[in-house]
Amino acid sequence: MASRLPRLRSSSPTMPAQSTTSLKRKAIAEEDEEEHDQPRKLPAVGVTGPIRPPKPLQTNRTATNLSKSSSNVPKSLTVPRAPNLTTRPTGIRGTSAPPSQPSVPNRPTASRTAATGGRVAASRSVSGSSRPAPGRGGDDKRFADFQAKLDSLESAQAAEAARFDSERTKVLELQENQKAMSQQLAAAKDLELKGRAELNIASDEIANLKKKHARETTDLEIDLQKKDRLLREANEDLRICRSDLERERETVSSLKATLSQQSNAQLTLTTENQSLQAQNTALRTEVDAYSRKVSELNLLLESAERRAAELRGEAMESEAVRRKLHNMVQELKGNIRVFCRVRPVLSSDASNYGPGSASGSGSGSNSPVPASAEDLEAMKAEMSFPDRRDHKEIVLRSSSESATGQERVENYNFSFDRVFEPDCTQAEVFEEISMLSQSCIDGYNVCIFAYGQTGSGKSFTMEGGLTETTQGMIPRAVEKVFRVAEDLKSKGWEYKIEGQFLEIYNETINDLLGKGDFDKKKHDIKHDPKTGSTRVTDLTVMPLQSPSQVRSLLAVAQSRRSVAATLMNERSSRSHSVFTLRISGTNASTGENCEGCLNLVDLAGSERINVSFGNGFGTGGSSNDKDRLKETQSINRSLSALGDVIAALGEKGEKSDKHIPYRNSKLTYLLQNSLSGNSKTLMVLNLSPLAAHLNESLTSLRFATKASVSHLL
């Protein structure tokens, strides 16, 4: 299965590349058509040269282009070429030939049309003349050769289609293997839950036995007290009787009449005494029986405690197995993953890009216009999500007018690890990445960063809103870390959690949790190659005890983050913010320890300079603002460096000595240990659904595709 996995991954990202190749071929074909539409000079009669096939009709070429643009089937790897026909014999005088046309790749329909047109023209010329023209036999032979080569090209194309079907069968087999491994993981989790249930049942039985033993011991003590009281009373009665007997002996002469009565009383008391002694013996026997029972219960308690200790040991061993299986599942999903999220259309978009806005209508009126549902729908770009089962594809559609006045429709297909539609909630997005928080607890470095243009929803994805349902990835990940750390305390793990928050503004690191002003301290990045940890000098590191403390830190950091106004967003983030969660855990029972690092990055907006600050004409741009221009240039350089690092990491699997350019920016150098090795990296691409942002969305999708393709190499 491991040998087949790279082949599966290498097949999916080729769709954007093939679509780009098809667009280039289409453009070349149209340029050739424009050249052939110009009038040509006919070659001189008798000049030797290759006979070219006749030019196909314009209608056939247009139909072929439309069928190629609407089809998503990958093109054949072999490009059919027009055969080189042999030259005329020098001794035969040739007639004027139709203008030559270059062969078009991957257009067997046009080739067959040209060949058919040639045969029809040949047949008409034969039927119209009473005798064959000189040199006609050589033309028929060359046409037969050309037809044979065309048939061989069609058979090669059929072979390529068969090979594509076999590759698809291999992909299905790999998906079935992955499903089987998921079932094994579920079975292991069921065994762990069953063991925990048995441990809880044994603990309940021990508690019930202790309660029952306490009740029985209390009842025996009460009965014993009652018997002791009766025995004391009997002894007292015996003493009284004996004293009476002594007095009676002294007065035996005067009490002879009552002697028989006293004798009967004495016999009665003796009988009662014997019965009491028999009862005392029976009670002693019962006490001995209860003592034996208590000893047996103690033995059962000791065995139950031994069983509980064994179950605790098995639970610790199962935790180690769970860590290995969890890491294996994450590596199968990919150490570098790319998600795509499209935000919904907001009511505020109507005032900025709607028909009544200054940018939409060009009237210059800044008064807000209420937007209807039809207006919001008209502002959307043509996006579709064809993969309804796995949600891994997104298709953008663009229409434009060509130079000849014809409408040109282009489809852009992109595939990622997961695509979130506009109606997806924050909880659904976090459900896909919650397992990365578990990997951080297990001792791995994790990096999650949001990428996209300004106003695409990056800050909302990472930080979220104020309500519980709109919480972003940072507070949800922190809550997940604290919850898992609390659950692992029962297995002997103790965790220490620390947090820091910084921003990178114009290649300068600023402490968002510090008390002083920015740029007062110089912060340097230090890497420890032995432990694999990264530290920033003179940076505030806060020990964290609860998720609520993290929320208060986010509010403080947000108020200090650098923001500035641009044309894309009124309060656009002009810096990269990095929230780092350091987790160190120790297990006193097993002697294990682990250290993990969770980096949650909100990147700055990735828009072009002419989009952010205008084109330098009019009153709406900020092209004269040198500070804003410097910010945008710094942001674009750091984002480009991040893309180069991710691409180099994908190529390092093939070339072990591949250089990774971490030092090209402060952002990549800070995240060096969280992007390399066995760390887990996730990029969440945020897109705007507006048609006005279509070009920026395509640029962001191509950047994300570069990262997605690199981790499949």
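Residues numbered from 1 in each chain as written. Predicted model: local features only at pLDDT ≥ 70, side-chain atom pairs only at ≥ 80, totals over all residues. Heavy atoms only, no water.

> Please explain the overall build of the protein chain as it appears in this structure.
The number of helices and strands found in the protein chain is 18 helices and 16 strands. Considering the protein chain as a whole, with its 713 residues, one finds that 33% of them fall into the buried category. Long-range pairs, those at least 24 residues apart, make up 73% of the contacts in the protein chain between residues at least 6 apart in sequence. A total of about 41600 Å² of accessible surface is found on the protein chain, and carbon and sulfur atoms cover 53% of it. (Helix = DSSP H or I, 4+ residues; strand = E, 2+ residues; numbered from the N terminus. Buried < 20%, exposed > 50% of the residue type's maximum accessible area, 1.4 Å probe, protein only. Contact = heavy atoms within 4.5 Å. Areas by Shrake-Rupley, 256 points an atom, 1.4 Å probe, with all protein chains shown as cover.)

> What am I meant to see in the packing of helix α12 (residues 473-487) against helix α13 (residues 547-560) here?
Two numbers describe a pair of packed helices, the interaxial angle and the distance between the axes. Interhelical geometry of α12 versus α13 gives an angle of 155 degrees and a closest axis separation of 9 Å. Considered as vectors, α12 and α13 are oriented roughly antiparallel to each other. For the pair α12 and α13, the sense of crossing is right-handed. On α13, the residues touching Ile474, Pro475, Val478, Glu479 and Phe482 of α12 are Pro547, Val550, Arg551 and Leu554. (Axes fitted to C-alpha atoms, helices over the stretch in contact; angles between N-to-C directions. Parallel < 35°, antiparallel > 145°, perpendicular 65-115°, else oblique. Left-handed = near helix turned anticlockwise from the far one by under 90°.)

> Sorry, what's going on with the packing of helix α10 (residues 426-441) against α12 here?
Between α10 and α12, whose axes approach to 9 Å, the crossing angle comes to 45 degrees. As the angle between them shows, α10 and α12 are arranged oblique. Relative to α12, the crossing made by α10 is right-handed. Contact residues: Gln426, Ala427, Val429, Phe430, Ile433, Ser434, Met435, Ser437, Gln438 and Ile441 in α10; Met473, Arg476, Ala477, Lys480, Val481 and Val484 in α12. For the contact of α10 with α12, the class distribution of residues is 10 nonpolar, four polar and two charged. (Nonpolar A, V, L, I, M, F, W, Y, C, P; charged D, E, K, R; others polar.)

> What is the right way to read the sheet that holds strand β4 (residues 407-415) from this model?
Sheet strands pair by backbone hydrogen bonding; their relative direction is either parallel or antiparallel. As summarised here, the arrangement of the three strands in space is β2-β3-β4, forming an open sheet in which the pairing is antiparallel. A strand with exactly one partner marks an edge of an open sheet, and here the two such strands are β2 (382-384) and β4. Averaged over all pairs of adjacent strands, the angle between their axes in this sheet comes to 20 degrees, without regard to strand direction. Of the strand pairs in this sheet, β2 and strand β3 (residues 393-401) are connected by three bridges, and their pairing is antiparallel. Considered in β3, the bridge of Met383 is made with Leu396. (Pairing = 2+ DSSP bridges.)

> How should I be thinking about a positive patch on the surface in this particular structure?
A cluster of basic residues, Lys226, Lys227, Arg229 and Arg232, forms a positive patch at the surface. With respect to the helices, strands and loops of the structure, Lys226 is situated in helix α5 (residues 136-250). Here Lys226 falls in the partly exposed class, since its relative accessible area comes to 42%. (Patch = residues over 30% accessible without salt bridge, like charges linked within 9 Å, V, L, I, M, F, W, Y side chains within 5 Å. Salt bridge = Lys/Arg side-chain N within 4 Å of Asp/Glu carboxyl O. Lys, Arg positive; Asp, Glu negative; His and termini not counted. Charge placed at Lys NZ, Arg CZ, Asp CG, Glu CD.)

> Can you help me understand the pairing of strand β14 (residues 576-587) in this one?
In summary, the side chains of a regular strand alternate between the two faces of the sheet. With respect to burial, β14 is a largely interior element, 10 of its 12 residues being buried. A loop of four residues connects β14 with strand β15 (residues 592-602), the two strands running antiparallel in sequence, and Gly591 in this loop sits at a positive phi of about 75 degrees.

> Honestly, the packing of aromatic side chains in this entry has me stumped. Any pointers?
Geometrically, a pair of aromatic rings is defined through the distance of the ring centres and the angle of the planes. Counting across every chain of the model gives four aromatic pairs. For the pair Phe339 and Phe420, a centre-to-centre distance of 5.7 Å together with 75 degrees between the ring planes defines the contact as edge-to-face. With Phe339 in strand β1 (residues 336-342) and Phe420 in strand β5 (residues 418-420), the pair connects residues that are 81 residues apart, well separated along the chain. With a relative accessible area of 3%, Phe339 lands in the buried category. Ring centres 5.4 Å apart and planes at 70 degrees place the aromatic pair Phe501 and Phe579 in the edge-to-face group. Separated by 78 residues along the polypeptide, Phe501 in strand β7 (residues 493-505) and Phe579 in strand β14 bring together distant segments of the chain. With a relative accessible area of 3%, Phe501 lands in the buried category. One residue, Lys680, lies across the ring of Tyr444, its end atom 4.9 Å from the ring centre. (Phe/Tyr/Trp six-rings, centres within 6.5 Å; stacked < 30°, edge-to-face > 60°. Lys NZ or Arg CZ within 6 Å of the ring centre and 35° of its normal.)

> Quick question: what am I supposed to make of the confidence of the model for the protein chain here?
Regions with low pLDDT carry predicted coordinates that are not meant to be interpreted in detail. On average, the protein chain scores 74 in pLDDT, and the residues at 70 or more come to 70%. The spread of mean pLDDT over the elements of the protein chain runs between helix α1 (residues 5-11), the lowest at 39, and β5, the highest at 92. Every residue in residues 32-134 scores below 50 in pLDDT, and together they form 110 contacts with partners more than four places removed in sequence or on other chains. The model gives residues 615-624 a pLDDT under 50, and that stretch makes eight contacts with residues more than four places away or in other chains. (pLDDT = per-residue confidence, 0-100.)

> Explain the UniProt feature "binding site: ATP" (unreviewed entry) in the protein chain to me, please; I cannot follow it from the model alone.
Taken from the UniProt record, the annotation "binding site: ATP" (unreviewed entry) applies to Gly452, Gln453, Thr454, Gly455, Ser456, Gly457, Lys458 and Ser459. In this structure, Gln453 sits in the loop between β6 (445-451) and α11 (458-462). Mapping Gly457 onto the fold places it in the loop between β6 and α11. Contact partners of Gly457, with chain neighbours within four places excluded, come to Arg343 and Asn686. (UniProt positions renumbered as here; feature names shortened; annotations may be inferred.)

> Honestly, the environment of Val446 in this entry has me stumped. Any pointers?
Mapped onto the secondary structure, Val446 falls in strand β6. Accessibility expressed as a relative area gives 0% for Val446, which makes it buried. Sequence spacing of Val446 and Thr681 is 235 residues, and the spatial spacing of their C-alpha atoms is 5.9 Å. Sequence-distant contacts of Val446, defined by excluding residues within four places in its chain, comprise Leu436, Ser439, Cys440, Cys597, Leu598, Asn599, Ser674 and Lys680.

> It is not clear to me how the nonpolar core should be interpreted in this structure. Could you clarify?
As a rule of thumb, nonpolar side chains are buried together in soluble globular proteins. Grouped together as the largest cluster of nonpolar side chains are 49 residues, with contacts concentrated most on Ile394, Phe416 and Leu701. The element best represented in this core is helix α15 (residues 626-652), accounting for seven residues. With residues up to four places along the chain from it excluded, the contact list for Phe416 reads Val338, Cys340, Lys392, Ile394, Leu685, Leu701, Ala704, Thr705 and Ser708. Listed in part, the 41 residues of the second largest apolar core include Cys424, Ile441, Tyr495 and Leu512. (Core = buried A, V, L, I, M, F, W, Y, C linked by side-chain atoms within 4.5 Å.)

> So what exactly am I meant to see when it comes to α10 here?
An α-helical turn contains 3.6 residues, so a residue and the one three or four places further along point in the same direction. For α10, which comprises 16 residues, the first-to-last C-alpha distance of 22 Å matches the rise-based estimate of 22 Å (1.5 Å per residue) to within 8%. Within α10, the axis deviates most sharply at Glu432, by approximately 45 degrees. If you check which residues of α10 are buried, you get Gln426, Val429, Phe430, Ile433, Ser434, Leu436, Ser437, Gln438, Ser439, Cys440 and Ile441. Gly443 sits one or two residues past α10 and shows a positive phi near 105 degrees. (Expected span 1.5 Å × (residues − 1). Bend = angle between axes of the 7 residues up to and from the residue.)

> Looking at this model, I keep getting lost on the pattern of salt bridges. Mind explaining?
It is possible for side chains bearing opposite charge to pair when their charged atoms get close. Summed over the entire model, instances satisfying the criterion amount to 13 salt bridges. The shortest N-O distance in the salt bridge between Arg551 and Glu479 comes to 3.1 Å. Taken together, the residues Arg551 in helix α13 and Glu479 in helix α12 connect sequence positions 72 residues apart. Looking at Arg551, the relative accessible area reads 36%, which means it is partly exposed. In the salt-bridge network here, residues are joined through shared partners; they are Glu192, Arg196 and Lys491.

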